[in-house]
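Structural features, examined
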Amino acid sequence: MLLLLPLLSLSALWGFVLNLTVGDGAALLRANQLYQTVGVTSTELGLQLQAERTQSSVTVSSPVVTSAVSEQRRHTDQAVEKFRAAALSDDSHDPEMRASLDGLLNQLDRLPAIRSGIDGNRHSRLEVLSSYNQILDSVFLLYDRMVALPDLSIFQQATAMQWMGNAREMIARENAMISGVLIDYRMSDEERSAFGEYVATRRFLYARGLSALDSELDRPYREIFKSAAFEKFTALERAIVGASNGRLPSSVSQWKATTDNLSASLDRVNLAATEKLSERAQSVAAGIMIRIAVAGGVGLIAVVASIIISVRFGRRLAGELAGLRSAALELADVRLPRLVERLRRGEEVDVQAEAPPIKADGSLEVHDVAHAFGSVQRTAVEAAVGQANLRRGVSQVFVNLARRNQGLLHRQLGLLDSMQRRAADPDGLEDLFRLDHLTTRMRRHAESLIILSGAAPGRAWRKPVPVVDIVRAAIAEVEDYTRVNVLPLPDASLDGTAVADITHLIAELIENATLYAPPQTTVTVRGDAVANGFAIEVEDRGLGLSALEYETINDRLANPPEFDLADSDRLGLFVVGQLAARHGIQVILRGSPFGGTTAIVLIPRTVLAESSSPLTLTAERVTEQPAELTGPSSPAAPSASAAPSHSGNGLPRRTRTVPPAKAPSAQGSSVPPLAAPALTVVSSDPLARQKAPGAAPEPVREPVGGTASEAAGKPAHETTGPGSLPRRVRQANLAPQLRQEPAAPAEPEPEPEPSERSPDEVRALFSAFQAGARRGREEHGNDYAHHTTGDKGD
């Protein structure tokens, strides 16, 4: 490339010079060809038209048609045919020349009509002359177009000769008019006026032509203009122009002889000037051909020699630069990407080993370039290492700060949990709930900072956790949790090691849905087991995005890039992408039917737990006989009944015991003992204790019992799961004597619609329920409130 530009410049300069010289030669060739074809035939055509014009003027003035007119017309037709053949034989003319040729051909097509008018005596003498003059004007316009020579002096002399030829045409027009006037010796005022115009135009053209001709060419013309014949001719012109009343001077009879003598002299001078001008043009053409030979031959030799020398030098330089190119490509395509990958993995990098000096053979300039490139390489490696160290340090600072905040927030959540248990004031409890919610959100943001730094959050569970608890925990970390609507979820559990990350991922998606949707709309969360795992959908009713934006976001979620501190507009999506890549989760955003956005989270089967659900609800019936029927109880019985039982997995089980029924009355009526219902909830879910602000505890339902006799016969044991909760049966625990037969169905009276409780009433009810539960645990000595489980424990 370094040598190509000079070679191209030299070749372009040689081509430009050659084009100039060859262009001049081509112009000469075109001018010669044009003269040999159109020029010769047009000259003959002009002479024949002038002769026919003179004969037509005589014919119009005389009533006798002679054979000379027909003979002249035949000669003119032959000249027209030759000219037409020459004009149509070549289509390579320029537009101006082609327009002149077409104009002359159109004028020649008028000849039959002009001749017909002459033969029919329908035109006057002046009209006939004007018709022929129009055709001859087109001929002389063609002559002007043919004057195209590359030499300026030759062009100026040729133009002056053209003006002298036009002046000669004016003399021919005067002669044609006077030749007709001499027949009847009558000259109208219009003819005299036209004759005066011919005279004035002739004088102007001769004066202009003489001023442009050089001394060698204008000398013969000046001699003629000073001759007695020309003086006599001009005197006759003045006499004819000055005549009045339609009379001609007597000297007009000498017009023909004087004009013929002067025209012959002018024709001889014109021919001699044309020959001299042709000799000059030939010498110019010879010089042009010499310039073509020099510019073409010598210039071509110089260009070829330059190309040979440049190619030899270019090959040597290309060989020297090939090594530099290979080193640059190796650095850009192999070493730098490998170095960046090692720095991302946290490996230590030796700058000297990764950026060795580049060795190059060749000229001094190539050595200098290799040394400079080696410096650039070393600087690039040092900058990459320094940037990686800086990013690693910044990430470590973020991790340390986030870990400290996370520890403080865990302690704050534990403190808030204990304060909520001791709170009795509804207003204070509400503020504690709000503070608990804010702290939970702060913890999520601290974990986001840890994820952005490339580390993993510290929260983890050993046992599987239900999906419904994970979704509830995610909703609890969102500000507008009241707008989230969770549809029923199937029984499924996730591995405890991935619970914290999946909870964080779903919380980010839900918060994003609440932020970019109108505040009066809801966000729907649904989930179901699919062939490839478990799918969770978060759907909002916002404005949605375009197809291109969905494609860009999905690409970033599928292939999360390295975190850039300058790009902080969508930190949540970056966190989602990092968490999804960590566990092989697929997250896709698409448009929803409501115009908003639907986020689909596909959790793979490797994250799902084997057990269907760790949550088990157990309802038991414990039948106790009265003391009178069972006899005296052992001393250890009260303590055994008051002690809490434990399940097989070590979790506490609390059993509620109903006091024994009273003895039979004195009338002998015996009342069977009543069954004591007991409901035990066994839960190994760590997230079960995590509560959303304002969430109400689920009401305790009594188990479905049988009749009193069945309860007295043997204890009824009934176990139900989340899909079949215990239900209470009317009059199931009453003695048969106390049961009432169902009356005939009467027309039910419409029950008044229960009035909805106010928020204050609900808050007071929940506070009283919590305080009563705490007092019951403290009285029985089996309070497990201080056992920390879930994600709020330290």
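A brief report on the enclosed structure follows. In this text, all values refer to a predicted model and were calculated from it rather than measured experimentally.

1. Re the overall build of the protein
- Looking only at helices and strands, the protein features 21 helices and twelve strands.
- Within the protein, the fraction of its 794 residues that count as buried is 39%.
- Pairs at least 24 apart in sequence give 77% of the contacts found in the protein among residues at least 6 apart.
- Surface exposure of the protein reaches about 44,900 Å², of which carbon and sulfur atoms provide 57%.

2. Quick word on a nonpolar patch on the surface
- On the surface, Leu13, Phe16 and Val17 cluster together into a nonpolar patch covering about 280 Å² of accessible area.
- Mapped onto the secondary structure, Leu13 falls in helix α1 (residues 4-61).
- Residue Leu13 is classed as exposed on the basis of its relative accessible area, which comes to 51%.

3. Focus: the sheet that holds strand β2 (residues 484-486)
- Pairing is mixed across the open sheet formed by five strands, whose spatial order is β2-β4-β5-β7-β6. One side of each edge strand has no neighbouring strand; the edge strands of this open sheet are β2 and β6 (586-591). Neighbour-to-neighbour, the strand axes of the sheet open up by a mean angle of 20°, direction not taken into account.
- Where strand β4 (residues 523-530) meets strand β5 (residues 533-539), seven bridges bridge the pair, whose relative direction is antiparallel. If you follow Val530 over to β5, its bridge partner there is Gly533.

4. Section: the nonpolar core
- Ranked by size, the top nonpolar core spans 45 residues in total, and within it Ile502, Leu505, Ile536 and Val587 carry the most contacts.
- Leave out the neighbours within four places in its chain, and Ile502 touches Ile470, Leu494, Ile585, Ile603 and Val607.
- If you look at the next biggest cluster of nonpolar residues, it comprises 41 residues, including Ala167, Phe225, Leu248 and Leu266.

5. With respect to the side chain of Glu539
- The topology assignment puts Glu539 in strand β5.
- A distance of 3.3 Å separates polar atoms of two side chains, one belonging to Glu539 and the other to Arg526.
- The residues touching Glu539, leaving out its near neighbours within four places in the chain, are Thr522, Val523, Thr524, Arg526, Ser592, Pro593, Phe594, Thr597 and Thr598.

6. Focus: the packing of helix α2 (residues 67-88) against helix α4 (residues 111-119)
- Direction vectors running N to C along α2 and α4 enclose 170°, while the axes themselves pass 13 Å from each other. The angle between α2 and α4 falls in the class roughly antiparallel. Seen from α2, the contacting residues are Arg73, Thr76, Asp77 and Val80; seen from α4, they are Leu111, Arg115, Ile118 and Asp119.
- The residue inventory of the contact of α2 with α4, partitioned by class, reads three nonpolar, one polar and four charged.

7. Looking at the packing of α2 against helix α3 (residues 95-108)
- Packing of α2 against α3 brings their axes to within 11 Å, and their N-to-C directions diverge by 150°. Judged by the angle between their axes, α2 and α3 are roughly antiparallel. The handedness of the crossing between α2 and α3 comes out as left-handed. Facing Val80, Phe83, Arg84, Ala87 and Leu88 of α2, the residues of α3 in contact are Arg98, Leu101, Leu104, Leu105 and Leu108.
- For the contact of α2 with α3, the class distribution of residues is eight nonpolar, no polar and two charged.

Rules of the game
- Residues numbered from 1 in each chain as written.
- Predicted model: local features only at pLDDT ≥ 70, side-chain atom pairs only at ≥ 80, totals over all residues.
- Heavy atoms only, no water.
- Helix = DSSP H or I, 4+ residues; strand = E, 2+ residues; numbered from the N terminus.
- Buried < 20%, exposed > 50% of the residue type's maximum accessible area, 1.4 Å probe, protein only.
- Contact = heavy atoms within 4.5 Å.
- Areas by Shrake-Rupley, 256 points an atom, 1.4 Å probe, with all protein chains shown as cover.
- Patch = residues over 30% accessible without salt bridge, like charges linked within 9 Å, V, L, I, M, F, W, Y side chains within 5 Å.
- Salt bridge = Lys/Arg side-chain N within 4 Å of Asp/Glu carboxyl O.
- Pairing = 2+ DSSP bridges.
- Axes fitted to C-alpha atoms, helices over the stretch in contact; angles between N-to-C directions.
- Core = buried A, V, L, I, M, F, W, Y, C linked by side-chain atoms within 4.5 Å.
- Polar contact = N/O pair within 3.5 Å; in protein donor to acceptor, adjacent residues only side chain to side chain.
- Parallel < 35°, antiparallel > 145°, perpendicular 65-115°, else oblique.
- Nonpolar A, V, L, I, M, F, W, Y, C, P; charged D, E, K, R; others polar.
- Left-handed = near helix turned anticlockwise from the far one by under 90°.

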